[in-house]
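# Fold and geometry: a report
Below are the chains, spelled out letter by letter.
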Number of protein chains: 2
Amino acid sequence: MNLFPELKKRYSGDNLNAREAQRLAEFIAFGPVVFQTARILLKWGILDIIRDSDNGMTIDEVAKHTNISIYAAKCLMEAALCIGILFIDPETDRFKISKTGWFLINDPAVRVNIDFNHDVNYEGWFHLEESLKEGKPAGLKHFGDWPTVYEGLSSLPEQVQKSWFGFDHFYSDSSFPEALEIVFKKNKTRSLYDVGGNTGKWALQCVAYDNDVEVTILDLPQQIKLMETNTSGKEGANRIKGYGINLLEASAKFPKNETAPDAIWMSQFLDCFSMEEIVSILSIAKEAMGDNTRIYIMETLWDRQRFEPAAFCLTMTSLYFTAIANGNSKMYNTEDLAECIKKAGLEIEKIYDGLGQGHSIIKVKLINQ
Amino acid sequence: MNLFPELKKRYSGDNLNAREAQRLAEFIAFGPVVFQTARILLKWGILDIIRDSDNGMTIDEVAKHTNISIYAAKCLMEAALCIGILFIDPETDRFKISKTGWFLINDPAVRVNIDFNHDVNYEGWFHLEESLKEGKPAGLKHFGDWPTVYEGLSSLPEQVQKSWFGFDHFYSDSSFPEALEIVFKKNKTRSLYDVGGNTGKWALQCVAYDNDVEVTILDLPQQIKLMETNTSGKEGANRIKGYGINLLEASAKFPKNETAPDAIWMSQFLDCFSMEEIVSILSIAKEAMGDNTRIYIMETLWDRQRFEPAAFCLTMTSLYFTAIANGNSKMYNTEDLAECIKKAGLEIEKIYDGLGQGHSIIKVKLINQ
């Protein structure tokens with residue numbers, strides 16, 4: 001396994017002493033309520049008012065200022081003390097927020113993850129064991145009776161949708177500016193197939209980036225209609241075409257134009273499929289490629305993260321795919337996708353790292369081109 | 001707040017650097033699935049087979065040996081790597097268990113907590129916010145429509161009961177031998193009221209400890225019948241009496257014999273009540289006291305723990321009382337119980353620490369005796 005340096009440092013050795021390891025084991029054993037405590041402290045603004053206080057706050061003061069019972073304030077703040085979100089001056093009984101508390105308040109990634117994990121995942125993860133056994137998203141059933149979350153997305157409760165899209169967009173949007181540079185400036189791309197193009201968010205940026213760019217969005221037929229409504233009237237929309245396709249059908253074929261496209265774009269798309277399905281999708285894509293066509297696979301590869309907490313978030317997010325999304329996909333690492341690419345008879349030309357929140361782009365070509 | 005040394009060290013200062021604090025914030029944000037991952041790795045014996053291997057195991061080997069999909073093994077083991085349960089040799093892709101993994105397997109406290117938190121608490125803690133707001137155990141409702149868990153205990157699913165009692169007994173049983181020494185050897189006790197005596201487990205030990213000891217168990221009338229069945233025919237059972245009482249009724253009175261009892265015993269009992277209720281219960285007890293009567297309150301006081309992880313477990317367990325048990329009680333600290341004792345017009349004579357898994361006994365007397 002080829003781990004980036006910060007990951008190798010942390011994951012290739014046992015770096016806790018016995019006492020700290022025992023503490024971590026108990027921390028894990030109470031993980032669900034550690035999470036809920038932190039979430040409520042944030043949601044009720046308790047961390048904010050303690051941060052904004054001149055000299056910390058007592059339990060009674062917090063209860064009074066937030067209009068909750070002393071019992072509730074005591075339970076939350078004592079738990080927070082032991083979790084490491086707050087610390088105390090034992091002389092004055094005044095609590096202050098720790099650096100960890102500060103990150104809970106200020107780090108947008110942490111906030112997005114907390115909302116996503118409470119609204120979308122918490123209840124479903126109770127059924128993680130069943131999901132792993134059956135290869136089905138058993139945690140989705142309390143929302144509805146769909147085979148995958150994608151069919152149910154538009155029917156999910158409003159707050160659940162909000163947290164789902166908040167999570168999805170937070171991770172993708174910040175990578176688009178750098179991705180445009182790579183696809184259109186570092187490489188010569190005029191025609192692009194946007195596979196799983198969804199509402200056309202990326203396609204609109206492509207046609208706006210360069211007047212000569214033509215985009216064909218490939219997605220499920222019902223999705224293409226939504227995309228057309230969404231892009232209609234916007235700058236360059238006349239250079240965006242839709243092509244209805246179900247890539248899981250054996251007979252599926254990419255559109256065959258006079259010339260092969262310069263680029264085939266797949267962003268946060270392959271992580272929604274199993275490795276077998278990815279091989280099949282890449283094989284279908286291969287049929288539409290010419291010598292100069294390149295596939296650009298944009299993914300958050302967990303082994304290629306510069307900072308270790310990002311890798312942690314990604315391997316944990318895999319279990320959302322297991323229990324909620326579809327039961328058979330995950331956040332892959334380079335090795336997994338390289339295996340799929342090889343099995344599809346394709347070759348990696350180059351990997352661009354460090355886009356946005358931690359995306360990479362794998363540039364793929366036909367073998368020997 | 002009077003924290004024991006190890007707790008003061010950890011809770012009175014911010015002892016993480018910014019990078020570790022950010023990591024901890026994300027660890028908290030994924031707390032529920034960190035927990036489920038560890039639980040499944042344990043339950044499926046994956047940690048065991050990796051520990052027992054000569055030189056670690058690869059993902060494929062684990063999948064084969066445990067008869068699960070490679071996908072499932074990969075999701076679990078990659079997550080475990082980032083959590084710190086496993087580590088990897090990147091040259092060979094072989095995983096080994098870390099010290100944290102070792103504690104998950106071998107520390108009985110961790111195991112008991114994991115079972116309790118999955119079977120009894122996980123789903124209920126989703127409703128922690130509501131519970132704290134309303135002062136009611138809102139997380140209990142998916143089990144049944146009882147005001148507190150105690151009414152529902154005998155109707156809970158078998159596995160839930162097993163984990164509940166496993167947790168309850170693990171913490172109390174190990175303290176009984178030392179508690180007997182304190183109550184009967186260090187102090188002169190012949191007659192004892194066992195308040196909340198439940199099935200008579202402690203009472204049987206008392207009458208077996210000394211042939212002169214007489215015990216009266218005070219509990220709800222329906223509980224007394226169960227106790228009589230349970231103790232019937234056992235050694236010294238003729239020296240155990242039952243007395244039906246509901247201590248939350250304003251008119252409740254302890255039995256008044258010719259002489260006041262030497263001891264009033266309350267073990268893991270007061271943590272099931274709010275502080276207002278505790279004051280009332282102690283006031284009722286006070287009416288039955290003579291100059292030589294002592295109340296012995298045995299509790300796990302979170303501020304008096306020798307090892308910090310124990311304090312962590314206790315403040316987290318408070319949130320079981322909030323969301324599942326009754327909505328208004330908790331694991332108290334010395335300060336809280338001292339306040340109740342004072343309000344009831346009583347006085348602390350002595351505190352014995354360090355019994356079993358971390359119990360203390362607060363010995364209480366009438367003022368000026």
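All values derive from a computational prediction rather than experimental measurement. (Residues numbered from 1 in each chain as written. Chains lettered and ligands numbered in written order. Predicted model: local features only at pLDDT ≥ 70, side-chain atom pairs only at ≥ 80, totals over all residues. Heavy atoms only, no water.)

## A few points about the overall build of chain A
When you go through chain A residue by residue, the secondary structure sums to 17 helices and nine strands. Along the first, second and third principal axes, the C-alpha atoms of chain A reach 80 × 50 × 40 Å. Expressed as a percentage of contacts within chain A between residues at least 6 apart in sequence, the contacts between residues at least 24 apart total 66%. Carbon and sulfur atoms make up 49% of the accessible area of chain A, which totals about 15000 Å². Of the side-chain charges in chain A, 39 are positive and 51 negative, and the distance between the mean point of each set is 3 Å. (Helix = DSSP H or I, 4+ residues; strand = E, 2+ residues; numbered from the N terminus. Contact = heavy atoms within 4.5 Å. Areas by Shrake-Rupley, 256 points an atom, 1.4 Å probe, with all protein chains shown as cover. Lys, Arg positive; Asp, Glu negative; His and termini not counted. Charge placed at Lys NZ, Arg CZ, Asp CG, Glu CD.)

## Considering the relation of the copies chain B and chain A
When chain B is brought onto chain A, the operation consists of a screw motion whose angular component is 180° and whose axial shift is 0.0 Å, with 0.0 Å RMSD remaining. In symmetry terms, the pair is related by a two-fold rotation axis. Most of the interface of chain B is mirrored in chain A, where 100% of its interface residues again form contacts. (Least-squares fit on C-alpha atoms with pLDDT ≥ 70 in both.)

## A word on the sheet that holds strand S5 (residues 240-244) of chain A
Residues and elements named next belong to chain A. Strand order in the open sheet formed by seven strands is S5-S4-S3-S6-S7-S9-S8, and the pairing between neighbours is mixed. Of all strands in the sheet, those bounded by a partner on one side alone are S5 and strand S8 (346-355). Pairwise comparison of adjacent strand axes, ignoring direction, gives a mean angle of 20° for this sheet. In this structure, S8 lies alongside strand S9 (residues 359-366), joined through seven bridges in antiparallel fashion. (Pairing = 2+ DSSP bridges. Axes fitted to C-alpha atoms, helices over the stretch in contact; angles between N-to-C directions.)

## Things to note about the domain arrangement of chain A
Domain annotation for chain A reports domain 1 (5-106) and domain 2 (172-303 + 327-366). Spacing between the C-alpha centres of domain 1 of chain A and domain 2 of chain A amounts to 42 Å. (Domains from an automatic or database assignment.)

## Some points on the UniProt feature "domain: O-methyltransferase C-terminal" (unreviewed entry) in chain A
The positions UniProt marks with the feature "domain: O-methyltransferase C-terminal" (unreviewed entry) are residues 184-345 of chain A. The straight-line gap between the two end C-alpha atoms of residues 184-345 of chain A is 25 Å; of that span, 39% is helix and 17% is strand. (UniProt positions renumbered as here; feature names shortened; annotations may be inferred.)

## Some remarks on the interface of chain B and chain A
Tallying the contact residues gives 96 residues for chain B and 96 residues for chain A. Where chain B abuts chain A, roughly 9000 Å² becomes buried across the two surfaces, and 68% of that area is made up of carbon and sulfur atoms. Of all residues in chain B, Phe30(B), Tyr71(B) and Phe126(B) bury the most surface against chain A, accounting for 9% of the area lost on that side. Measuring nitrogen to oxygen at the nearest pair gives 2.7 Å for the salt bridge that ties Lys74(B) to Asp336(A). For the pair chain B and chain A, the number of links is 37 residue pairs in polar contact (both at pLDDT 80 or more). Counted by class, the side of chain B that touches chain A contains 53 nonpolar, 20 polar and 23 charged residues. (Buried area = accessible area lost by both parts, 1.4 Å probe. Salt bridge = Lys/Arg side-chain N within 4 Å of Asp/Glu carboxyl O. Polar contact = N/O pair within 3.5 Å; in protein donor to acceptor, adjacent residues only side chain to side chain. Nonpolar A, V, L, I, M, F, W, Y, C, P; charged D, E, K, R; others polar.)

## Concerning the UniProt feature "domain: BVU-1015-like N-terminal dimerisation-like" (unreviewed entry) in chain A
Sites flagged by UniProt as "domain: BVU-1015-like N-terminal dimerisation-like" (unreviewed entry) map to residues 22-95 of chain A. Segment residues 22-95 of chain A splits into 68% helix and 8% strand. End C-alpha atoms: 26 Å apart.

## What to know about the environment of Glu214(B)
Residues and elements named next belong to chain B. Looking at where Glu-214 falls in the secondary structure, it is placed in strand S4 (residues 214-219). The spatial distance from the C-alpha of Glu-214 to the C-alpha of Gly-139 is 40 Å, given a sequence separation of 75 residues. Discounting residues that sit within four places of it in the chain, Glu-214 has contacts with Arg-190, Ser-191, Leu-192, Arg-239 and Lys-241.

## Considerations on the pairing of strand S1 (residues 86-89) of chain A
Within a regular strand, the side chains alternate between the two sheet faces. All names here are of chain A. By the bridge criterion, four bridges tie S1 to strand S2 (residues 94-97) in an arrangement that is antiparallel. From the neighbouring strand, Phe-87 faces S2, where its bridge partner is Lys-96. Once S1 ends, the chain turns through four residues before running back antiparallel as S2, passing Asp-93 with a positive phi of about 60°.

## Section: the pairing of strand S5 (residues 240-244) of chain B
All names here are of chain B. For S4 and S5, the ladder comprises five bridges, and the chain directions are parallel. The residue of S5 that forms the bridge with Val-215 is Ile-240. Each parallel crossover has a hand, and for S4 linked through helix H14 (residues 221-231) to S5 it is right-handed. (Right-handed = clockwise from strand over helix to strand, strands pointing away.)

## Quick look at the nonpolar core
Core analysis: the biggest nonpolar cluster contains 228 residues, and Phe254(A), Met266(A), Leu282(A), Phe254(B) and Leu282(B) have the highest contact counts within it. Excluding residues within four positions of it along the chain, Met266(A) makes contact with Val195(A), Ile281(A), Leu282(A), Ala285(A), Ile295(A), Tyr296(A), Ile297(A) and Met298(A). (Core = buried A, V, L, I, M, F, W, Y, C linked by side-chain atoms within 4.5 Å. Buried < 20%, exposed > 50% of the residue type's maximum accessible area, 1.4 Å probe, protein only.)

## Observations regarding the packing of aromatic side chains
Residue and element names in this part refer to chain B. Within the structure shown, the criterion is met by 34 aromatic pairs over all chains. A centroid spacing of 3.7 Å and a plane angle of 10° characterise the contact between Phe-116 and Phe-167, whose relative ring orientation is stacked. In this pair, Phe-116 is assigned in helix H8 (residues 108-125) and Phe-167 in helix H11 (residues 158-173), connecting sequence segments 51 residues apart. In terms of burial, Phe-116 and Phe-167 fall into one category: buried. (Phe/Tyr/Trp six-rings, centres within 6.5 Å; stacked < 30°, edge-to-face > 60°.)

## Structural notes on the packing of helix H3 (residues 31-43) of chain B against helix H6 (residues 70-83) of chain B
Residues and elements named next belong to chain B. Their axes nearest at 10 Å, the elements H3 and H6 cross at an angle of 120°. With respect to H6, the element H3 is oriented oblique. For the crossing formed where H3 meets H6, the hand is left-handed. Residue-level inspection shows Val-34, Thr-37, Ile-40 and Leu-41 of H3 in contact with H6, the latter providing Leu-76, Ala-79, Ala-80 and Ile-83. For the contact of H3 with H6, the per-class residue count stands at seven nonpolar, one polar and no charged. (Parallel < 35°, antiparallel > 145°, perpendicular 65-115°, else oblique. Left-handed = near helix turned anticlockwise from the far one by under 90°.)

## Describing the pattern of salt bridges
Pairing between side chains of opposite charge can happen when the charged atoms of each approach one another. Taken as a whole and judged by the stated rule, the model has 45 salt bridges over all chains. With its nearest N and O atoms 2.9 Å apart, the salt bridge here joins Lys43(B) to Glu129(A). Placement of the pair is Lys43(B) in helix H3 and Glu129(A) in helix H9 (residues 128-134), with the two residues belonging to separate chains. On the basis of relative accessible area, Lys43(B) is assigned to the exposed category, the value being 54%. A salt bridge links Glu129(B) to Lys133(B); its shortest N-O distance comes to 3.9 Å.

## Focus: unusual backbone geometry
Although it is not a glycine, Asp93(A) sits at a positive phi angle of roughly 60°. Considering the arrangement of structural elements, one finds Asp93(A) in the loop between S1 and S2. A positive phi angle, close to 55°, is found at Asn198(B), a residue other than glycine. Mapping Asn198(B) onto the fold places it in the loop between strand S3 (191-195) and helix H13 (201-209). For Asn198(B), a relative accessible area of 39% puts it in the partly exposed group.

## Points about the side chain of Lys365(A)
All names here are of chain A. Assignment of secondary structure puts Lys-365 in strand S9. Look at Lys-365 and you get buried, because its relative accessible area is 10%. For Lys-365, the side chain forms a polar contact with the side chain of Glu-347, separated by 2.8 Å. Other than its neighbours up to four places away in sequence, Lys-365 contacts Met-289, Thr-293, Arg-294, Leu-346, Glu-347 and Glu-349.

## Considerations on the packing of helix H8 (residues 108-125) of chain A against helix H2 (residues 18-29) of chain B
The packing of two helices is summarised by the inter-axis angle and the distance between the axes. The interhelical angle for the contact between H8(A) and H2(B), taken along N-to-C directions, is 10°, at an axis separation of 9 Å. Here H2(B) runs roughly parallel to H8(A), going by the angle between their axes. As for how H8(A) packs across H2(B), the hand of that crossing is left-handed. Contact residues: Ala109(A), Val110(A), Asn113(A), Ile114(A) and Asn117(A) in H8(A); Ala25(B), Glu26(B) and Ala29(B) in H2(B). By residue class, the composition of the contact of H8(A) with H2(B) is five nonpolar, two polar and one charged.

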